[in-house]
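Summary of the model geometry
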Amino acid sequence: MEKLEIITLKTQGGQTAQVSAYGGQLLTWRNEENQDYLFLSKNAVFDGHRPIRGGVPICYPEFTKVGPGWLTPDGRGFVRNKFWLVWDKSDTFATLELSHGDRMNNEGYPFYFEIFNHIELRDDHLEQHLSVINKGLTYNPFTAALHTYFAVSDISNVKVEGLQGLTYEDSTDSLTKKREEAAEVVFPGEVDRIYIKTPDVMKGNPWKELQRWAEVQHRIHHKPFPSLHSPLPTLTFLRRFKFDYHQIHDSGAPGGGRTYEVCKQGFPDAVLWNPGAKRGASISDLGDPEWRRMVCLGPGHMHWEKRSTAAKLPNFRFGSGKEQIRDLEALCSCVGHRRLLTVRHGNKHMLMVNWFRCASDYDELRGELESHKRAGKLRAIRAYDEEAPMVTGDWREFRAKLIMQSGARRSEDNRRLLEIQNPSLAAEGLWAHATSRPETGGLVIASLQGPTILNDDRLWQVVVFLTSHGADGSVGLILNRPTGMVLGRKPGGLPLELGGPVPVQRVFQDNRVYCGGFTAQQLVAVIHIMHGHRLNHCVQEGRLPSTDFKFFAGALTWAPGQLEEEVAKGAWYPAACSRSLVLKPALQLPVPLWREVLQLMGGQYLGVAREGYEGDEVGKSSTFCAPS
Ligand SMILES: O=P(O)(O)OC[C@H]1O[C@@H](O)[C@H](O)[C@@H](O)[C@@H]1O
């Protein structure tokens, strides 16, 4: 172990953990009395070639031999045998990163990805977030596991709860599918099972979970990426262990028994393993009696369904936010063609922003929603017809031309990327300019001092789209805090962004959301808020273009006059911008959105943009040219 780079974490309460850069692997987690919660085999090998037996080995991009078909000899992927980079660390957390593609392309897995393992130690639990970014332009097939070894007194004392009624593949019986009948699974011999579609265990306030998730994502990704090609989907998995709850009961543990709770989010499946006496003794880095002191219960994506399903997608992505977002209360409203539509469906709503291409899209959607209401799937729909807008056409663009600042610069790298992601959006004009005050449909951009002035670190370099600003106060959506989650469980779910800390229902319940005069090429700008599931459906059926939508959980709000005050204090720069800037994906841009907008604004903002990225190699090498 001495040979390897090991990071030690410690909480104020005395919990400790060790993380190895080799394998990016959590090795130990101990309580204040130095008792192990995780198993690390006494016979584990730390030679930097073989996987380390114990802790939480990361199996990626392969966990089961059935699957993608790019097999590594042991069928466990190769990242657990690689040296990861320490991306970030503190006393209580460590983030490790590994890139596959340009740096190591000899693994027989012809896909680009970047993987992050973020481990955070708390006094009463440990969290592990695994994020994978698909950096290629094709789908990225994989299976995966966080193959967690829990320390137990003796396997004969262990019972695992919470699996009854699930289907599992029995690896000791040629992967035959079986139904788990036992309320408590025990270990009379070898147990080696993949439980398919195990329920996520998320307790407490789903909103907080979601916010926490986004914060961790931000912490991982706020640094510029050294070699970024494309902002492709992020898969995010959340692990949470909590001591003293249920799932693994070890009646022989010190202090009269111990219970581990394993919560997961995003991983659909789980593996349960203890090799039993015969197999345990034959595994050289385990042996007898070590096999008795462990049980593996680890989440993952293990069950490989039809590859053809994935292959149809331009980028293969999966992930579930379902458990987290299910209870988020949100109002579903829609402003279209000067009409506002409000939809309610129990508590199961999501907030979504959409610009309809034409009024008939609105009518069609409205018709569909009505039919869902008739079928009892929606509780209420309200619609308001308003007067025709006073200003139509492209007045904002016209104004932009009049007041464009000197020295404005457009990022060529970002433009090229948008051309790949969404050619029609890329063909629209891209501009931003400062305005003297905030306006509906405009932006406010956090200044460098903004988070300090407002005493809120979460506002670091945020770019906020104002959905309303007026005498009643202001509402905005943060455009550059993707959560890494997608809506729904199926591949192709739409990415979810964290618009701000206030649940959307509170914000939009009685407000009419309007984004006025926001047009391009005769397209009427519309903010559309509706039930995420319904929209997912419309998009997946191809009736609405996914590139025209952004989904937000949460928003930022200001009381009347508050935003003006904050602008006067220098916390925000108000601006107007083209719709392409609002709608484009903000995830993993070569030039981060905050910097891109300031560069487009030109003038004094160029200096701010530069200051925000001092010492950043990515920024230095980016190409900028005058905006079109
Ligand atoms: O030895 P490895 O590759 O770490 O795997 C350990 C075990 O992991 C389990 O999940 C597998 O089902 C077992 O068959 C395997 O032996």
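The paragraphs below set out a description of the structure included in this document.

What counts and what doesn't
- Residues numbered from 1 in each chain as written.
- Predicted model: local features only at pLDDT ≥ 70, side-chain atom pairs only at ≥ 80, totals over all residues.
- Heavy atoms only, no water.
- Buried < 20%, exposed > 50% of the residue type's maximum accessible area, 1.4 Å probe, protein only.
- Helix = DSSP H or I, 4+ residues; strand = E, 2+ residues; numbered from the N terminus.
- Pairing = 2+ DSSP bridges.
- Polar contact = N/O pair within 3.5 Å; in protein donor to acceptor, adjacent residues only side chain to side chain.
- Axes fitted to C-alpha atoms, helices over the stretch in contact; angles between N-to-C directions.
- Parallel < 35°, antiparallel > 145°, perpendicular 65-115°, else oblique.
- Left-handed = near helix turned anticlockwise from the far one by under 90°.
- Contact = heavy atoms within 4.5 Å.
- Nonpolar A, V, L, I, M, F, W, Y, C, P; charged D, E, K, R; others polar.

1. Overview of the pairing of strand 11 (residues 158–161)
Side chains V158 and V160 project from strand 11 onto a buried face, and the interleaved K159 and E161 project onto a face without burial. Direction of pairing for strand 11 relative to strand 14 (residues 184–185): antiparallel, over a ladder of two bridges. If you follow E161 over to strand 14, its bridge partner there is E184.

2. Topic: the environment of T143
One can find T143 in the loop between strand 8 (125–134) and strand 9 (144–146). Sequence separation between T143 and H301 is 158 residues; the distance between their C-alpha atoms is 5.2 Å.

3. With respect to the environment of D47
As for its position among the elements, D47 is in the loop between strand 3 (25–30) and strand 4 (58–59). Through-space distance from the C-alpha of D47 to that of K3 is 7.4 Å; in sequence the pair is 44 residues apart. Within the structure, the side chain of D47 is placed 2.9 Å from the backbone nitrogen of H49, a separation counted as a polar contact. Polar contacts involving the side chain of D47 include one to the side chain of R50, which spans 2.8 Å.

4. Focus on the packing of helix 14 (residues 593–601) against helix 15 (residues 604–612)
One can describe the packing of helix 14 onto helix 15 by two numbers: an axis separation of 7 Å at closest approach and a directional angle of 155°. Relative to helix 15, helix 14 is oriented roughly antiparallel. Handedness of the crossing formed by helix 14 with helix 15: left-handed. Together, W594, R595, L598, Q599 and M601 of helix 14 and Y605, L606, V608, A609 and G612 of helix 15 make up the contact between the two elements. Class assignment for the residues of the contact of helix 14 with helix 15 results in seven nonpolar, two polar and one charged.

5. A few points about the sheet that holds strand 2 (residues 16–20)
Pairing in this open sheet of three strands is antiparallel, and the strands run 1-2-3 from one edge to the other. Strands at the two margins of the open sheet, each flanked by one partner only, are strand 1 (6–10) and strand 3. Pairwise comparison of adjacent strand axes, ignoring direction, gives a mean angle of 20° for this sheet. In this sheet, strand 2 lies alongside strand 1 in antiparallel orientation, the contact comprising five bridges. Bridge pairing in strand 2 places L9 opposite A17.

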